Amino acid sequence: QTRALDLDLAIFPELGMIQRLFAAAAAGVARAQWMAWGHPVTSGLPTVSHYLSCGEMEPAGAQRFYREQLRLLPGIGTRYTLPVRPDARSRDELGLPSGPLAIVPQSIFKVLPHNDAIYARLLDARGDLRIAFFGADPTEDAARFRQRLRAAVGTRAAERLLFLPELSRGGFMETLGACDLMIDTLGWSGGNSALDALRMGLPIVTCAGEFMRGRQCATMLRLLGVEGAQADTADGLAELALQRLGDDGFRQHFRDRVDHGLQDLVDDPACDRALMTHIENALAH
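Residues numbered from 1 in each chain as written. Predicted model: local features only at pLDDT ≥ 70, side-chain atom pairs only at ≥ 80, totals over all residues. Heavy atoms only, no water.

A. Quick peek at the packing of aromatic side chains. For the structure shown, the criterion picks out nine aromatic pairs. Counting every residue linked through ring pairs, the aromatic cluster contains Y119, F133, F145 and F163. The residue whose ring lies beneath R244 is F250, and the NZ or CZ to ring-centre distance is 4.8 Å. (Phe/Tyr/Trp six-rings, centres within 6.5 Å; stacked < 30°, edge-to-face > 60°. Lys NZ or Arg CZ within 6 Å of the ring centre and 35° of its normal.)

B. Representation of helix 8 (residues 216-224) within the structure. Most of helix 8 sits inside the fold, with seven of its nine residues counted as buried. The set of residues buried in helix 8 consists of Q216, C217, A218, T219, M220, L221 and L224. Structurally, helix 8 contributes buried residues whose contacts are with helix 7 (192-199), strand 9 (204-205) and helix 10 (248-266). At the exit of helix 8 stands G225, carrying a positive phi of roughly 85 degrees. (Buried < 20%, exposed > 50% of the residue type's maximum accessible area, 1.4 Å probe, protein only. Helix = DSSP H or I, 4+ residues; strand = E, 2+ residues; numbered from the N terminus. Contact = heavy atoms within 4.5 Å.)

C. Region of the structure containing the environment of R273. Relative to the assigned elements, R273 resides in helix 11 (residues 269-284). Among the residues examined, R273 registers a relative accessible area of 54% and is labelled exposed. As a C-alpha pair, R273 and L73 span 200 residues in sequence and 9.2 Å in three-dimensional space.

D. The pattern of salt bridges, seen in detail. Here the structure, examined in full by the defined rule, presents 14 salt bridges. With its nearest N and O atoms 3.7 Å apart, the salt bridge here joins R144 to E140. Pair noted here: R144 and E140 are both in helix 4 (residues 140-153), with a separation of four residues, about one helical turn. Assessed through its relative accessible area of 63%, E140 is described here as exposed. In this structure, the salt-bridge partner of R169 is D196, at a minimum N-O distance of 2.8 Å. Placement of the pair is R169 in helix 6 (residues 169-178) and D196 in helix 7, with a sequence separation of 27 residues. (Salt bridge = Lys/Arg side-chain N within 4 Å of Asp/Glu carboxyl O.)

E. Summary view of the layout of surface pockets. Taken as a whole, the largest pocket spans an internal volume of roughly 1200 Å³. Lining of the largest pocket is provided by 45 residues; of these, S107, K110, G191, N192 and S193 occupy positions nearest its centre. The set of elements that each furnish at least two residues to the lining of the largest pocket consists of helix 6, helix 7, helix 8 and helix 11. Counted by class, the lining of the largest pocket contains 25 nonpolar, 13 polar and seven charged residues. For the second largest pocket, the calculated volume is near 210 Å³. For the second largest pocket, the full set of lining residues is D8, L9, A32, W34, H50, R71, H278, N281, A282, L283 and H285. Contributions of two or more residues to the lining of the second largest pocket are made by strand 1 (7-12), strand 2 (30-36) and helix 11. The element contributing the most residues to the lining of the second largest pocket is helix 11, with four residues. When grouped by side-chain class, the residues that make up the lining of the second largest pocket number five nonpolar, four polar and two charged. (1 Å grid on protein atoms, 1.4 Å probe; cavity = no way out; pocket = protein on both sides within 12 Å on 5 of 7 lines; lining within 4 Å. Points joined across faces, edges and corners; volume = space filled by probe spheres on them. Nonpolar A, V, L, I, M, F, W, Y, C, P; charged D, E, K, R; others polar.)

F. Seen up close, unusual backbone geometry. Phi at D6 is positive, roughly 55 degrees, even though this residue is not glycine. Of the residues examined, D6 reaches a relative accessible area of 49% and is grouped as partly exposed.

Given below as structure tokens:
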């Protein structure tokens, strides 16, 4: 049916997460095919000519990481509608423990094993700290994830790991709003989760990675003007998290910058204009 449209250009918002879309792009459904960064990795396909990415998030010389030709978009690379911010709920209402509570709010496949040393360091340094993850569901992948983290931090510290079930969007945001700190993941940074944390005013610490997929959260914080939230190294991320837990001055600075700039960050009409210019130039040729 798509081929019957005789398209000049097809843009796939992502390639790599859904098998049938990847197969369609490999087979070719239009004269020209592009992809965007819904899945922030090159497709590697000779049938996809261009990659729409966020210019601010890409490192210098990023073209070498892509088979496709990069076409960059300004700001955060998209216009994003902020969700309604739910009312704050207490930890008791949400079934969360009292005391210092950090959260790693990513899908478990983004929490790669080289992050584990960070959590072990945090729990070793702060005997009162708990760290929340998702992955409470009864799947084999989730069970392996829980087992891996427990082994990484040690038996006693594992008692302070908290595994949450899948939540509704509202429940997810309420949970973020009840925590003290979000710890970004190395190598595969928070995108939607970071924007939800920003919406709830939850302070974040991060460390920019080598590739765009590991630089999303750091870029958002830089564009907002947040200072003191980015570590230079993986080891430094654990130390930075320890410094920012309970740091009321940082929390206020973070919220001030978010309140001042978040709406402009996510709703930048320059993204629309840049996308249309790329498309018009392509169709003209």
